[in-house]
Amino acid sequence: MPHPLPLTGITVLSLEQAVAAPFATRQLADLGARVIKVERPGGDFARRYDTTVHGQASYFVWLNRSKESITLDVKSAPGREVLGELVAGADVFVQNLAPGAAARLGLSAEELQARHSALVTCAISGYGTSGPWAHRKAYDLLVQCQTGLLSLTGTPEEAVRVGISVADIAAGMYAYSGILSALYTRATTGRAPAVEVSLFDALAEWMSQPAYYTRYGGTQPPRVGARHATVAPYGVFTARDGQDVLFSVQNEPEWVALCRVFLGRPELAGDPRFATGPARVAHREALDGIVAARFAALDGEEAVALLDAANIAHAGVNSVADFLEHPVLTERGRWREVGLPDGAPPMRALVPPAGLSGVSPRMGPVPAAGEHTENILAELGRGPDDVARLRARGVVGTPRPEAAGA
């Protein structure tokens, strides 16, 4: 018998948009939490980022499965009243509104916890809710720039953004783990701590190694493309038949094995230019020339076989299309079907990476904007006439008749 989902019975109310907060709450939904997503009457703007997934936005369908959607104008007095009733029934409240907006709506952590002592609150911001940059808007690439990540990524000639929303993802992960920690604290002590995460702080943590390297080494790691600033040999090399292979040497035994088995030059292991990790980095150009010449003398399959014989990890340089059909995903059943709104065909989505023994994650449909508005308002005791009045005043959006995945 499968075990129940661990967050069953937990209600999360999220005034969310874009990426960071929806990523955090989707992971809570994966574990069984009821997540009520509050969208503006026109819907989360992330719904319109693109139309590539059967007419739906790729970002949105990734981040919002298994949620219920209510459209609500929280700037209006009736909208704030409804929101207050929803907050009163929630265990967790999450928001990633623009700087200052939560306080203006009476939704700061201090105000909410004064009214609801058991409520776990989570505020996700760009640069923190206090400090000199609390008022600044932020999005992913700005934070990549401000943390110095962009100065590390790319080639010596050009800085390049990381190709995914890494600051948003980092913030969403820390918000998710912070909320779980806060729920555990509430369960064990009765205290519901407030959680705060900023995109800047999340990515700053990920920048710790180059930060320490720079502070104590006197210079920052250089941009080296697909190579590694502090490890050599490390990078992509091209075999005689044009196949690209990435590999790296992580320690001294691997270096010795590379020289003996792959390069066929065991004497290089003791060459003073290459005998230690820092020495190999200092003489990277000479070393890479030796490795490149060896690859150029071998077909791809021969090179891979020799790396395997030396017990050195390696990888082909996959495209995204290659990744979609990767045997580690397909042969381990890592894809599941998820329903989409507006009568669209279902999509294939990846199973959450953290597996719990005996627990099958919930992978429910992606909601249409406001799909659950009437049901949620009915739970609050509001009848059809009241709902009609709210709709006539623009407090809630026009209903979407299509059920998700219909």
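The structure this text deals with has already been given above.
Quantities reported herein were computed from a predicted structural model and do not represent experimental measurements. (Residues numbered from 1 in each chain as written. Predicted model: local features only at pLDDT ≥ 70, side-chain atom pairs only at ≥ 80, totals over all residues. Heavy atoms only, no water.)

Caption draft 1: How the structure looks around the overall build of the protein chain. For the protein chain, the helix and strand inventory stands at 17 helices and eleven strands. Seen through its principal axes, the protein chain has C-alpha atoms that stretch 85 × 45 × 40 Å. With 406 residues in all, the protein chain has 46% of them scored as buried. In the protein chain, the share of contacts with a sequence separation of at least 24, taken over all contacts with a separation of at least 6, comes to 68%. By element, 56% of the accessible surface of the protein chain is carried by carbon and sulfur atoms, the whole surface being about 19800 Å². Charge-centre separation for the protein chain: the mean point of 37 positive side chains lies 5 Å from the mean point of 42 negative side chains. (Helix = DSSP H or I, 4+ residues; strand = E, 2+ residues; numbered from the N terminus. Buried < 20%, exposed > 50% of the residue type's maximum accessible area, 1.4 Å probe, protein only. Contact = heavy atoms within 4.5 Å. Areas by Shrake-Rupley, 256 points an atom, 1.4 Å probe, with all protein chains shown as cover. Lys, Arg positive; Asp, Glu negative; His and termini not counted. Charge placed at Lys NZ, Arg CZ, Asp CG, Glu CD.)

Caption draft 2: Here's a closer look at the packing of aromatic side chains. Tallying each qualifying case throughout the model produces twelve aromatic pairs. Centroid distance tryptophan 255 to phenylalanine 274: 6.1 Å. Interplanar angle 70°. Geometry classified as edge-to-face. Placement of the pair is tryptophan 255 in helix α10 (residues 252-262) and phenylalanine 274 in the loop between α10 and α11 (277-282), with a sequence separation of 19 residues. What makes tryptophan 255 buried here is its relative accessible area of 1%. Here phenylalanine 274 falls in the buried class, since its relative accessible area comes to 0%. The residue whose ring lies beneath arginine 136 is tryptophan 133, and the NZ or CZ to ring-centre distance is 3.7 Å. (Phe/Tyr/Trp six-rings, centres within 6.5 Å; stacked < 30°, edge-to-face > 60°. Lys NZ or Arg CZ within 6 Å of the ring centre and 35° of its normal.)

Caption draft 3: A look at a positive patch on the surface. The grouping of Arg40, Arg48, Lys75 and Arg104 at the surface amounts to a positive patch. Mapped onto the elements, arginine 40 comes out in the loop between β2 (34-39) and α2 (58-63). (Patch = residues over 30% accessible without salt bridge, like charges linked within 9 Å, V, L, I, M, F, W, Y side chains within 5 Å. Salt bridge = Lys/Arg side-chain N within 4 Å of Asp/Glu carboxyl O.)

Caption draft 4: How the structure looks around the sheet that holds strand β3 (residues 67-71). As summarised here, the arrangement of the six strands in space is β3-β2-β1-β4-β5-β6, forming an open sheet in which the pairing is parallel. Two strands lie at the open edges of the sheet, namely β3 and β6 (195-198), each paired on one side alone. Geometrically, the sheet is characterised by an average inter-axis angle of 20° between neighbouring strands, direction not taken into account. Here five bridges tie β2 to β3, and the two strands are oriented parallel to one another. Looking at the pairing, isoleucine 36 lines up with glutamate 68 of β3. Against the sheet, helix α7 (residues 166-189) contacts β4 (92-95), β5 (120-125) and β6, and its axis sits at roughly 170° relative to β6. Sheet strands in contact with helix α8 (residues 199-206) are β5 and β6, and its direction is about 70° off that of β6. (Pairing = 2+ DSSP bridges. Axes fitted to C-alpha atoms, helices over the stretch in contact; angles between N-to-C directions.)

Caption draft 5: Fine view of the nonpolar core. Counting 35 residues, the largest nonpolar core has Val12, Val92, Val94 and Ile124 as the members making the most contacts within it. Looking at this core, the elements with two or more residues in it are α1 (20-30), β4, β5, α7, β6 and α8. (Core = buried A, V, L, I, M, F, W, Y, C linked by side-chain atoms within 4.5 Å.)

Caption draft 6: The pattern of salt bridges, seen in detail. Following the criterion strictly, the structure yields 20 salt bridges and no others. With its nearest N and O atoms 2.9 Å apart, the salt bridge here joins arginine 26 to aspartate 30. Placement of both arginine 26 and aspartate 30 in helix α1 is noted, with a separation of four residues, approximately one turn of the helix. Take arginine 26: its relative accessible area is 5%, and that puts it in the buried class. For aspartate 30, a relative accessible area of 2% corresponds to the buried category. For aspartate 91, the salt bridge is made with arginine 186, and the minimal N-O distance between the two is 3.1 Å. Placement of aspartate 91 in the loop between α3 (77-88) and β4 and of arginine 186 in helix α7 is noted, with a sequence separation of 95 residues between them. Each member of the pair, aspartate 91 as well as arginine 186, carries the same accessibility label: buried. One connected set of salt bridges, linked through shared partners, spans Glu16, Lys37, Asp44 and Lys67.

Caption draft 7: Quick peek at the sheet that holds strand β7 (residues 234-238). Judged by pairing direction, the sheet is antiparallel, and its three strands sit side by side in the order β7-β8-β9 without closing on themselves. The two strands at the open ends of the sheet, each matched to only one other strand, are β7 and β9 (314-316). With direction set aside, neighbouring strand axes in the sheet form an average angle of 25°. Relative to strand β8 (residues 244-248), β7 runs antiparallel, the two sharing five bridges. Its bridge partner being in β8, valine 236 is matched across the sheet by leucine 246. Lying over the sheet, helix α12 (residues 284-296) contacts β7 and β8, oriented at roughly 35° with respect to β7.

Caption draft 8: Quick look at the packing of α10 against helix α13 (residues 300-309). Contact geometry of α10 with α13 gives a least axis separation of 9 Å together with a crossing angle of 135°. For the element pair α10 / α13, the angle class is oblique. With respect to the hand of their crossing, α10 and α13 are arranged in right-handed fashion. Between α10 and α13, the residues in contact are Leu258, Val261 and Phe262 and Ala303, Leu306, Leu307 and Ala309, respectively. For the contact of α10 with α13, the residue count by class is seven nonpolar, no polar and no charged. (Parallel < 35°, antiparallel > 145°, perpendicular 65-115°, else oblique. Left-handed = near helix turned anticlockwise from the far one by under 90°. Nonpolar A, V, L, I, M, F, W, Y, C, P; charged D, E, K, R; others polar.)

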